[in-house]
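Structural description and commentary
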Amino acid sequence: MTQMRISEAAVFLGVSDDTVRRMVEAGDLPAARDASGRAVVEGADVAAHLRRQGAAPKDPARVASSARNRFVGLVTSVVMDRVMAQVEMQCGPFRMVSLMSSEAVQDLGLEPGSIATAVIKSTSVIVETAP
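For every chain, the first residue of the written sequence is number 1, and numbering continues from 1 along that sequence. Per-residue local features of the predicted model are confined to residues with pLDDT of at least 70, and side-chain atom pairs are confined, for both listing and counting, to 80 or more; whole-chain, interface and lining totals are unaffected and use all residues. Based on all heavy atoms of the structure, the side-chain values leave hydrogens and waters out of the count.

Thoughts on the sheet that holds strand β7 (residues 115–120)
Should DSSP find at least two bridges between two strands, the strands are taken to pair. Secondary structure elements are taken from DSSP: a helix is a run of H or I of four residues or more, a strand is a run of E of two residues or more, and numbering for both begins at the N terminus. The antiparallel open sheet is built from 4 strands, whose spatial order is β6-β5-β4-β7. Either end of the sheet is taken by a strand with one partner, and the two such strands are β6 (94–101) and β7. Within this sheet the neighbouring strands show an average axis-to-axis angle of 45°, counted without direction. Note: strand β5 (residues 84–91) against β6, 8 bridges, orientation antiparallel. Among the inter-strand pairings, Gln90 is bridged to a residue of β6, identified as Arg95. As a rule, the C-alpha atoms of each element are fitted with a line to give its axis, helices using only the stretch in contact, and angles between N-to-C directions run from 0 to 180 degrees.

Structural notes on the nonpolar core
Val75, Ala85, Val87, Met89, Cys91, Met96, Met100, Val105, Leu110, Ala116 and Ala118 form the largest nonpolar core, which has 11 residues in total. Of all the secondary structure elements, the ones that give two or more residues to this core are β5, β6 and β7. Examining the composition of this core, we find that 4 residues originate from one element, β5, more than from any other. Beyond its immediate sequence surroundings of up to four residues, Ala118 is in contact with Asn69, Arg70, Phe71, Met89, Cys91 and Met96. Only buried residues count toward a nonpolar core, which is a set of Ala, Val, Leu, Ile, Met, Phe, Trp, Tyr and Cys residues joined through side-chain atoms within 4.5 Å. Think of it in three bands: with a 1.4 Å probe and only protein chains considered, a residue is buried below 20% of the maximum accessible area for its type, exposed above 50%, and partly exposed in between. Residues Ile6, Ala10, Met23 and Val41 belong to the second largest nonpolar core, which totals 10 residues. In this description, contact between two residues means that some pair of their heavy atoms is separated by no more than 4.5 Å.

Quick look at the side chain of Ser114
Inspection of the secondary structure puts Ser114 in the loop between α4 (102–108) and β7. The buried category is assigned to Ser114, whose relative accessible area is 14%. At 3.4 Å, the side chain of Ser114 forms a polar contact with the backbone oxygen of Gly109. With sequence-adjacent residues up to four places away left out, Ser114 is seen in contact with Gly73, Leu74, Val75 and Gly109. In protein, a polar contact means a hydrogen-donor-capable atom and an acceptor-capable atom, both N or O and within 3.5 Å, with residues adjacent in sequence counting only if both atoms are side-chain atoms; elsewhere, any N or O pair within 3.5 Å suffices.

A look at the environment of Ala26
Residue position: Ala26 is located in helix α2 (residues 17–26). Separated by 97 residues in sequence, Ala26 and Thr123 place their C-alpha atoms 42 Å apart.

Observations concerning helix α1 (residues 6–13)
Within α1, the full set of buried residues consists of Ile6, Ala9, Ala10 and Leu13. Taken down its axis, α1 places every buried residue within 105° of arc, on the same side. Across α1 from its buried face, at more than 90 degrees, point the exposed residues Val11 and Phe12. Considering only its buried residues, α1 is in contact with β1 (3–5), α2, β3 (39–42) and α3 (43–53). At the C-terminal side of α1, Gly14 shows a positive phi close to 70°. This arc is taken over the directions from the axis of the helix to the C-beta atoms.

Below, the structure is given as structure tokens:
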């Protein structure tokens, strides 16, 4: 199993080291001691905590779709020329960038602050890990 120090867990949880320590003290996140005596948490426990806490906003489209990767967020930037546009969204901690026609941007009424859903349907997903 993958173990991580409190500071590493804090990065993945998006909180401070002290918050992770409080989570451990409250029993929300199990911890142990490594060979050096430092507090560590199991990566699987951090992942499980993220799943429990990760509640995405409701999808405003309310449509049936075969795409499972749907990320609701806010449009943060729209850069358009006559033909094409680049739309950036912030979906929780994730930044999504989409290239589409300027006509589509206008039809959808996309502008900074708009609520939208990024739908990703791909046959190619690359997963990387550190060596």
